[in-house]
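Reading the structure
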Amino acid sequence: MTTKEAAVTAIPTLTTKRLVLRPLDNADIPGFVEIWSDPEFTRYIGGRSDPDSVWPAMAGNIGCRALTGVGPWAAVERSTGSLVGRAGLLWTEAGRPGVEASRPGVEAGWFIRRDRWDRGYAREAASAAIGWAFAQRPDLDEVVAVILSDNTASVRVAERLGMTPKRLEFIHGEDHAVHTISQADWTAALRGLPAVPAQGRQNAR
């Protein structure tokens, strides 16, 4: 997909049992500032909580989708309408300008606010995102997750998604475990978990 084609591709909304994954919006900035203000939340992922940092980060997420066709969504709790985090995909294929060669492929990420931990929201959101990517990209061999080894909670999420740690990579000054799941393994083990896009099928690249 060219940059121009990706830019005009509508961002889908995904609906799961308890969450809505929808496009990011300027109105989300106060919510993300609050979420990123929790030092326990940012312990393994970093990031600043002031609006002047949150907005460029969010713009970068939106730009990733415009340039590559994949990107994060805002995760909203269906029962309350509350913003509870961010989840989705990044395309970090090796060889793309400015991308470390050790981070190939489509990468899944999940960030759920601390007062919603231990509810299975991260797995639910990531399942929807990964399932969407595989459904739209039959040629996509695998999805990866890059996680600090000490981040045991995210490691457990990856395991519950059926991901397997394949190697260690030195990224952003620290060793990260690269977890992967192939499209074939996803189809065999997790059929039925991914959400159905509320706005129809879109190109995932």
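One structure accompanies this document, and this report is about it. Predicted model, so just to flag it, every value in this text is computed and none were measured. (Residues numbered from 1 in each chain as written. Predicted model: local features only at pLDDT ≥ 70, side-chain atom pairs only at ≥ 80, totals over all residues. Heavy atoms only, no water.)

What follows is about the side chain of arginine 86. Here arginine 86 shows up in strand S4 (residues 83–91). Although buried, arginine 86 forms no salt bridge, and the nearest oppositely charged side chain, glutamate 107, lies 9.3 Å from it. Filtering out sequence-adjacent residues up to four positions away, arginine 86 remains in contact with Leu24, Phe32, Trp36, Asn61, Pro72, Trp73, Ala75, Gly109, Trp110 and Phe111. (Helix = DSSP H or I, 4+ residues; strand = E, 2+ residues; numbered from the N terminus. Buried < 20%, exposed > 50% of the residue type's maximum accessible area, 1.4 Å probe, protein only. Lys, Arg positive; Asp, Glu negative; His and termini not counted. Salt bridge = Lys/Arg side-chain N within 4 Å of Asp/Glu carboxyl O. Contact = heavy atoms within 4.5 Å.)

Relative to the elements of secondary structure, tryptophan 91 occurs in strand S4. On the basis of relative accessibility, which here comes to 15%, the residue tryptophan 91 falls in the buried class. Through-space distance from the C-alpha of tryptophan 91 to that of valine 70 is 6.6 Å; in sequence the pair is 21 residues apart.

Take the pattern of salt bridges next. One pass over the structure, following the stated rule, counts 10 salt bridges. With a shortest N-O distance of 2.7 Å, arginine 18 and glutamate 124 are connected by a salt bridge. With arginine 18 in the loop between strand S1 (14–15) and strand S2 (19–22) and glutamate 124 in helix H4 (residues 121–136), this pair connects stretches of sequence that are 106 residues apart. Arginine 114 serves as the salt-bridge partner of aspartate 38, at 2.6 Å between the closest nitrogen and oxygen. Within this pair, whereas aspartate 38 is found in the loop between helix H2 (29–36) and helix H3 (51–68), its partner arginine 114 is found in the loop between strand S5 (106–112) and H4, the two being separated by 76 residues in sequence. Judged by relative accessible area, aspartate 38 falls into the buried class, the value being 15%. Since its relative accessible area comes to 43%, arginine 114 is described here as partly exposed. In the salt-bridge network here, residues are joined through shared partners; they are Glu34, Glu77, Arg113, Asp115, Arg116 and Arg119.

Tracing the backbone through its elements, the reader meets glycine 88 in strand S4. Each C-alpha atom of the pair glycine 88 and valine 106 lies 10.0 Å from the other, and the pair is 18 residues apart in sequence. If sequence neighbours within four positions are ignored, glycine 88 has contacts with Gly71, Pro72, Trp73, Glu107, Ala108, Gly109 and Ala129.

Let us look at the side chain of arginine 137. Assignment of secondary structure puts arginine 137 in the loop between H4 and strand S6 (142–148). Owing to a relative accessible area of 9%, arginine 137 belongs among the buried residues under this scheme.

With that settled, consider H2. Burial within H2 is extensive, with 6 of its 8 residues counted as buried. For H2, every residue scored as buried is listed here: Ile29, Gly31, Phe32, Val33, Ile35 and Trp36. Looking at the buried side of H2, the elements it contacts are H3, S4 and S5.

Take the nonpolar core next. In this structure, Leu89, Trp110, Ile130, Val143, Leu161 and Met163 are the most contacted members of the largest nonpolar core, which totals 35 residues. Among the secondary structure elements, those contributing two or more residues to this core are S2, strand S3 (72–77), S4, S5, H4, S6 and helix H5 (152–160). Broken down by element, the residue count for this core peaks at 10 residues, all from H4. Leaving out residues up to four positions away in the same chain, tryptophan 110 has contacts with Arg86, Ala87, Ala122, Ala126, Ala145, Ile147, Ser154, Val157, Ala158 and Leu161. (Core = buried A, V, L, I, M, F, W, Y, C linked by side-chain atoms within 4.5 Å.)

Burial of S4 is extensive: 8 of the 9 residues sit out of reach of the surface. As judged from the 5 bridges shared by S3 and S4, these two strands associate in the antiparallel manner. Across the sheet, the residue bridging to valine 76 is leucine 83, located in S4. Two elements, S4 and S5, share 7 bridges in a ladder whose sense is antiparallel. Directly across from arginine 86, in S5, lies its bridge partner phenylalanine 111. (Pairing = 2+ DSSP bridges.)

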